[in-house]
Amino acid sequence: MSKFESLGLQESLLVAVADLGFENPSEVQEKAIPILLEDETDLVALAQTGTGKTAAFGFPLIQKIDIASRTTQGLILSPTRELCLQITNEMQLYSKYEKGMNIVAIYGGASITDQARQIKKGAQIVVATPGRMKDMIRRGIVDITKIDYCILDEADEMLNMGFFEDIKDILSNTPKEKSTWLFSATMPKEVATIAKKFMHSPKEITVGAKNSGATTVQHEYYVVSGRDRYPALKRLADANPGIFSVVFCRTKRDTQKVAEKLIEDGYNAGALHGDLSQNQRDLVMNAFRKKQIQMLVATDVAARGIDVDDITHVINYQLPDEIETYTHRSGRTGRAGKSGISMVIVTRSELRKINAIERKIKQDFLEKKIPSGIEICEIQLYHLANNIKDTKVNDEIDGYLPAINDVLDGIDREELIKKIVSVEFTRFFNYYNKTRDLNSSDGSGRRERGATEHPKDGSVRYFINVGERDGYDWMSLKDFLRDKLGLDKDDVYKVDTKDSFSFFNTDAQFTPLILETFSDFKVDGRFINVEVSKSPGGGRGGNRGGGRRRDRDRNRGGGGRRDRNTSFKGGKSGSKKSKGKRNSGFY
Ligand code: ADP
Ligand code: MG
């Protein structure tokens, strides 16, 4: 008996589960589904973002709906249009073998007539944002006076967004004897109030530690001066060629501004905030889901709950006002058992906020340095070499080979390689050569604590030719190295995994051991190569960062990402075009 079966799900749902590729129920599913199936009860479930809450209420709800009836029996309220659509899509997949099931999404910014028409056909389940829901009730378009189940999803966020009155209004249109299921990542006072006011002795389940972020996320901060925020952001992106990230800003205006600058500087970036039209938001979200956008610059509200797996980095361009919000932000990465990194760009005056967040999430931050220009060049160079190695040969070239051979005649292999690499690299190098150190001087002054502090000159950085594509993340690579070298927990640090290679540091005393250990070292028949990295710590004085440098090398995502990217940007002209298009759409 599969684990899902033992939760009490019916056969048609189990087939859908198998189609979705879910092997085992998540913790919140394991706890919530049997309760919801067996009892007619109210429920408060607290679980982090990304723990599978949609299925935790979705499966039981679908199973309990009477498909033969066309009456609206279930109402799901969720804070944003994006979430509304996401839940609806997901629920439609769950119920794909439930013939006659009709699940309709209603949300603001889209045609109310279309939505009304869909409702009229008979929707057993309605997924709605509070504002539009209220509107449709007022106009008599939707009838929720006979619902049996009301689900409040992301309740904390709905209340954050000021939907308390709307929710109260909506609930007053529902029958008293229904079950209310409340799902939330956190339990602030307002949520407790709702639970008390509108629910009857709800059962409670909590998954994981309340309010703490996932431990698969590494938290890092970078101290810069306020005016260097943007150049610092660029360097963080450039130092992580395969980055797939959400960049959080505090205001819509900053969000828009940062996204525009990134696009202008040649990055695959997009903005997501409440001032965009629905259509623009859809375009951006679709491009992000397809990984055509590598850096989604977003406000907290617009990005809340968005379920995109594989986000490698969350970048806090500015810290949020509320610590709680930081937890939500960093929860965008490190999902589905993968590891992730949450980076914070801070000024010295904001450092005490880092301490406060650490206490809240019960996890330490690593203080990191913004990579120097030389370090970035090195990373990009290896990345480029790997891209060349992995590039699928295009046989269409065959016919032109004799002519190409003629052109390149007399250039030996070594020189040819240098030239090929230079095509891409020189532009990069010219930009970063002689850029200054962006790190705010005289250290952070925040802590003297041991573990993460290492003397700069006693520390050696290494390059190793394995990375994420070999299944490593910073944690597992650190474990691997410590294990092979017989070193202690803190001896290997600053582990940075890239797509096909990585970097790490140790104190200088271990250098002979490391070079010796990896001088002739194979894993699965493959040589593992470790070299001392050439990049010195920190940059040098000189030009200011900023300004444009590249126009087409943003299709850099590792692995399978590249193919899809090319269709989006399509090289030089494509880049220009898409930039123009998106810019013009902003206003
Ligand atoms: P939450 O609402 O808690 O933030 P979601 O319901 O959006 O989380 O689920 C996050 C992701 O995990 C979705 O892509 C979903 O399809 C996937 N997922 C949910 N349950 C399972 C499961 N049991 N096994 C594998 N993946 C799952
Ligand atoms: Mg959710």
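What counts, and at which threshold
Residues numbered from 1 in each chain as written. Chains lettered and ligands numbered in written order. Predicted model: local features only at pLDDT ≥ 70, side-chain atom pairs only at ≥ 80, totals over all residues. Heavy atoms only, no water. Pairing = 2+ DSSP bridges. Helix = DSSP H or I, 4+ residues; strand = E, 2+ residues; numbered from the N terminus. Axes fitted to C-alpha atoms, helices over the stretch in contact; angles between N-to-C directions. Contact = heavy atoms within 4.5 Å. Expected span 1.5 Å × (residues − 1). Buried < 20%, exposed > 50% of the residue type's maximum accessible area, 1.4 Å probe, protein only. Polar contact = N/O pair within 3.5 Å; in protein donor to acceptor, adjacent residues only side chain to side chain. Phe/Tyr/Trp six-rings, centres within 6.5 Å; stacked < 30°, edge-to-face > 60°. Lys NZ or Arg CZ within 6 Å of the ring centre and 35° of its normal.

Peer 1: Please clarify how the sheet that holds strand 4 (residues 125-128) should be interpreted in this entry.
Peer 2: What holds strands together in a sheet is hydrogen bonding between their backbones, with the strands either parallel or antiparallel. Ordered in space as 3-4-2-5-6-1-7, the 7 strands form an open sheet in which the pairing is parallel. Strands with a single pairing partner mark the edges of an open sheet, and in this sheet they are strand 3 (103-106) and strand 7 (203-206). Strand-to-strand twist of the sheet, defined as the mean angle between neighbouring strand axes without regard to direction, takes the value 15°. Of the pairings in the sheet, the one linking strand 2 (residues 74-77) to strand 4 comprises 4 bridges and is parallel in character. In the sheet register, I76 faces strand 4, and the bridge partner there is V127. The strands that helix 5 (residues 81-94) touches are strand 2, strand 3 and strand 4; relative to strand 3, the one it contacts most, it runs at about 175°.

Peer 1: For this particular structure, what's the right way to read helix 5?
Peer 2: One turn of the α-helix equals 3.6 residues, which is why residues spaced by three or four share an orientation. Between its terminal C-alpha atoms helix 5 stretches 20 Å, which fits the 20 Å expected from 14 residues at 1.5 Å a residue. The complete set of buried residues in helix 5 reads R81, E82, L83, C84, Q86, I87, T88, M91 and Y94.

Peer 1: Whenever I open this one, the sheet that holds strand 17 (residues 502-507) confuses me. Can you help?
Peer 2: Pairing is antiparallel in the open sheet, where 4 strands are placed in the order 16-17-15-20. Each end of this open sheet is capped by a strand with a single partner; those strands are strand 16 (493-497) and strand 20 (530-532). Between one strand axis and the next, the sheet turns through 25° on average, direction left out of account. The pairing of strand 15 (residues 459-464) with strand 17 spans 6 bridges and is antiparallel. In the strand pairing of strand 17, S459 is matched with D507. Each of strand 15, strand 17 and strand 20 is contacted by helix 17 (residues 373-390), which is oriented at about 135° to strand 17, the strand it contacts most. The sheet strands contacting helix 20 (residues 474-485) are strand 15, strand 16 and strand 17, and the helix crosses strand 16 at an angle near 125°.

Peer 1: When you look at the environment of G458 in this model, what are you seeing that I'm missing?
Peer 2: Relative to the elements of secondary structure, G458 occurs in the loop between helix 19 (413-432) and strand 15. Along the sequence, G458 and Q509 sit 51 residues apart, while their C-alpha atoms lie 7.9 Å from each other. Among all residues touching G458, those that are not within four sequence positions of it are T506, D507 and A508.

Peer 1: I keep staring at the side chain of N316 and nothing clicks. Help me out?
Peer 2: On the secondary structure map, N316 appears in strand 12 (residues 313-316). Accessibility expressed as a relative area gives 0% for N316, which makes it buried. Looking at N316, its side chain comes within polar contact range of the side chain of R329, at 2.9 Å. The residues touching N316, leaving out its near neighbours within four places in the chain, are F248, Y326, R329, S342, M343, V344 and I345.

Peer 1: Which parts of the structure should I look at to understand the packing of aromatic side chains?
Peer 2: In this structure the tally under the stated criterion is 19 aromatic pairs. A centroid spacing of 4.5 Å and a plane angle of 40° characterise the contact between F59 and Y94, whose relative ring orientation is tilted. On the criterion of sequence distance, the pair formed by F59 in helix 4 (residues 53-64) and Y94 in helix 5 is long-range, its members being 35 residues apart. Judged by centre distance (4.8 Å) and plane angle (20°), the ring pair of Y462 and F504 falls under stacked. In this pair, Y462 is assigned in strand 15 and F504 in strand 17, connecting sequence segments 42 residues apart. Take Y462 and F504: they sit in the same class, and that class is buried. By way of ring pairs, the aromatic residues Y382, F463, F501 and F503 are connected into one cluster. In this structure, K291 packs its charged tip against the face of F244, placed 5.0 Å from the ring centre.

It is worth stressing that arrangement in space is one thing and function is another; only the former is reported here.
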